[in-house]
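# A look at the structure
Chain by chain, the residues run as shown.
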Amino acid sequence: MASNVFKNVRSVAVPVADQDRAKLILEQLGFIVSMDVELQPAFRWIEMDLPDGEASVALVRTGPELPTGIDTGIRLGAVDVQSAHAAVVAAGLDAGELLDWPGVPLMFSFVDLDGNRFYVSDTSHS
């Protein structure tokens, strides 16, 4: 059996057309900027954390090899999914319906202004 090579997932990069616009939206949803640097000319890296989160979302500029409009696979946890849904809608994002299926946490997905899909599920019963 392999030893623990990795400690955690540090960040997940999401391609966006306008990094400042995406940063403002995530700030409205409770994310905090932990890093905002130009690593090299025309390559800005913005990392955003949740106050108690373990991984961050990195906003990177889209390009030919990194298109927007992806299914990020990012699952965000919320204690109050209905309030999270309302906050996403208030931020001007396209939120799907609340899915309330027997035996699974309440959940929904949303699409950011670049067409990237995120998921939200109830963590209050974890």
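Up top you'll find the structure we're talking about.
Presented here is an overview of the structure given in this document. Because the structure is predicted, anything quoted here is derived from the model rather than measured.

Right, let's talk about the sheet that holds strand 7 (residues 107–111) for a bit. The four strands are arranged 5-8-7-6 in an open sheet whose pairing can be described as mixed. The open sheet has two edge strands with one neighbour each: strand 5 (71–78) and strand 6 (94–95). Contacting strand 5, strand 6, strand 7 and strand 8 (117–122), helix 2 (residues 81–90) crosses the sheet at an angle of about 15° to strand 7.

Moving on, we come to the packing of aromatic side chains. Across all of its chains, the model carries three aromatic pairs by this definition. On the basis of an interplanar angle of 40° and a centroid distance of 6.4 Å, the ring pair of Phe-108 and Phe-110 is categorised as tilted. Owing to a relative accessible area of 2%, Phe-108 belongs among the buried residues under this scheme. For the pair Phe-110 and Phe-118, a centre-to-centre distance of 5.2 Å together with 10° between the ring planes defines the contact as stacked. Each residue in the set Phe-108, Phe-110 and Phe-118 is aromatic and connected to the rest through ring pairs, giving one cluster. The positively charged end of Arg-75 is found above the aromatic ring belonging to Tyr-119, 4.0 Å away from the centroid.

In this section: the pattern of salt bridges. Throughout the structure, instances matching the rule amount to five salt bridges. Of the charged contacts, one joins Arg-21 and Asp-114 as a salt bridge, the two residues approaching to 3.1 Å between their closest N and O atoms. On the criterion of sequence distance, the pair formed by Arg-21 in helix 1 (residues 19–28) and Asp-114 in the loop between strand 7 and strand 8 is long-range, its members being 93 residues apart. Given the relative accessible area of 31%, Arg-21 is considered partly exposed. Owing to a relative accessible area of 14%, Asp-114 belongs among the buried residues under this scheme. Residues Asp-36 and Arg-44 are paired through a salt bridge, measuring 2.8 Å at the closest nitrogen-oxygen approach. Residue Asp-36 is classed as partly exposed on the basis of its relative accessible area, which comes to 31%. For Arg-44, a relative accessible area of 21% puts it in the partly exposed group. Among the charged side chains, a network of salt bridges with common partners joins Asp-20, Lys-23, Asp-36 and Arg-44.

What counts, and at which threshold
- Residues numbered from 1 in each chain as written.
- Predicted model: local features only at pLDDT ≥ 70, side-chain atom pairs only at ≥ 80, totals over all residues.
- Heavy atoms only, no water.
- Pairing = 2+ DSSP bridges.
- Helix = DSSP H or I, 4+ residues; strand = E, 2+ residues; numbered from the N terminus.
- Contact = heavy atoms within 4.5 Å.
- Axes fitted to C-alpha atoms, helices over the stretch in contact; angles between N-to-C directions.
- Phe/Tyr/Trp six-rings, centres within 6.5 Å; stacked < 30°, edge-to-face > 60°.
- Buried < 20%, exposed > 50% of the residue type's maximum accessible area, 1.4 Å probe, protein only.
- Lys NZ or Arg CZ within 6 Å of the ring centre and 35° of its normal.
- Salt bridge = Lys/Arg side-chain N within 4 Å of Asp/Glu carboxyl O.

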